[in-house]
Amino acid sequence: MIIPKTREEIELMRESALIVSKTLGEIAKVIKPGVTTLYLDKLAEECIRDHGAIPGFLGLYGFPNTLCVSPNTQVVHGIPNSKPLENGDVISVDCGAFKNGFYGDHAYSFEIGEVAPEVKKLLQVTKESLYVGIREFRIGNRVEDVGSAIQKYCESHGYGVVRELVGHGLGRKMHEDPEMPNYGKRGRGKMFIEGMVVAIEPMINMGTKNVKQLKDGWTILTADGKPSAHFEHDVALIDGKPEILSTFKYVYDALGIVSNEEDEFRRKPLII
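1. A short note on the packing of helix α1 (residues 7–30) against helix α2 (residues 37–50)
Thinking step 1. Axis separation between α1 and α2 bottoms out at 9 Å; the angle between their running directions is 140°. Taken together, the axes of α1 and α2 are oblique relative to one another. Of the two elements, α1 crosses α2, and the hand of that crossing is right-handed. Of the residues in α2, those in contact with Ile19, Lys22, Thr23, Glu26, Ile27 and Val30 of α1 are Tyr39, Leu40, Leu43, Ala44, Cys47 and Ile48.

2. Quick notes on the environment of Gln151
Thinking step 1. Relative to the helices and strands, Gln151 is located in helix α4 (residues 143–155).
Thinking step 2. For Gln151, a relative accessible area of 15% gives the class buried.
Thinking step 3. Along the sequence, Gln151 and Ile204 sit 53 residues apart, while their C-alpha atoms lie 9.2 Å from each other.
Thinking step 4. Apart from the residues lying within four places of it in its own chain, the contact partners of Gln151 are Val161, Arg163, Asn182, Tyr183 and Gly184.

3. Some words on the sheet that holds strand β8 (residues 176–180)
Thinking step 1. With antiparallel pairing, the five strands of this open sheet are ordered in space as β8-β7-β9-β14-β15. Each of the sheet's edge strands pairs with one partner strand only, and the pair in question is β8 and β15 (241–244). Averaged over neighbouring strand pairs, the angle between their axes works out to 25° when direction is ignored.
Thinking step 2. Where strand β14 (residues 233–238) and β15 come together, four bridges link them in antiparallel fashion. Directly across from Ile238, in β15, lies its bridge partner Lys241.
Thinking step 3. Along the sheet, helix α3 (residues 117–134) contacts β9 (197–200), β14 and β15; its crossing angle with β14, the most-contacted strand, is approximately 15°.

4. Points about the sheet that holds strand β6 (residues 160–161)
Thinking step 1. Spatially, three strands are ordered β6-β10-β13 in an open sheet, and the strand pairing comes out antiparallel. Unpaired on one side and paired on the other, β6 and β13 (228–230) mark the two borders of the sheet.
Thinking step 2. For β6 and strand β10 (residues 203–205), the ladder comprises two bridges, and the chain directions are antiparallel. Looking across to β10, one finds that Gly160 is bridged to Asn205.
Thinking step 3. Across the sheet, α3 is in contact with β10 and β13; its angle to β13 comes to roughly 35°.

About the cut-offs
- Residues numbered from 1 in each chain as written.
- Predicted model: local features only at pLDDT ≥ 70, side-chain atom pairs only at ≥ 80, totals over all residues.
- Heavy atoms only, no water.
- Axes fitted to C-alpha atoms, helices over the stretch in contact; angles between N-to-C directions.
- Helix = DSSP H or I, 4+ residues; strand = E, 2+ residues; numbered from the N terminus.
- Parallel < 35°, antiparallel > 145°, perpendicular 65-115°, else oblique.
- Left-handed = near helix turned anticlockwise from the far one by under 90°.
- Contact = heavy atoms within 4.5 Å.
- Buried < 20%, exposed > 50% of the residue type's maximum accessible area, 1.4 Å probe, protein only.
- Pairing = 2+ DSSP bridges.

Set out below in structure tokens:
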């Protein structure tokens, strides 16, 4: 059952989402060749706790860390380790925070040093598909309208859209109803309702859509060993239209990127 949120609850969720956004921004300041993902994990936990929140992933379903860090051929749910990042890597950093009874859940795929042009394009298309999907999150539409739009956009570029892993409703639990697949057929799935909040997160592979899991029980990899990309926003349905609660602005400020991609999804300017 979809659990709609009041305006007051949505504002609490915005705070949780922005704590995650700020944490990703702190990671963006230091992520580079030679840095370990365990260091990033420690930094993320400190940042979240400094904002009066607790890490949303740490201990969730038994997960051992604050961040899911998934480089190169890993799709999602990678466990931080002591291996240094290398020039040319791409890495999905997925982070959660819990404050005031609500979760934030937000992800960004980072380029490490000089990345191959074809990989850079994969990241660009995946991030663009996130906003393609968000535009379909509105009153009158259904769950698979979002997935269909993401699937069509990514497959038009020759990429594989992961089926086994999906976005989700968000609230007092990390994973609420409905599941938000990145594929589907228009007109199918649950109807969107005012006040619902979801995490939309395209997970897109350069090659096959198929994935496999490591023996650690967490890490998901592409079946063909080609790179994968992952971007995620928390989005509320307000006055029938999508409003992004999270932001990539902190990441962009750290990386020197200028973007207005989120502007159409904000009813009022983001206060930094």
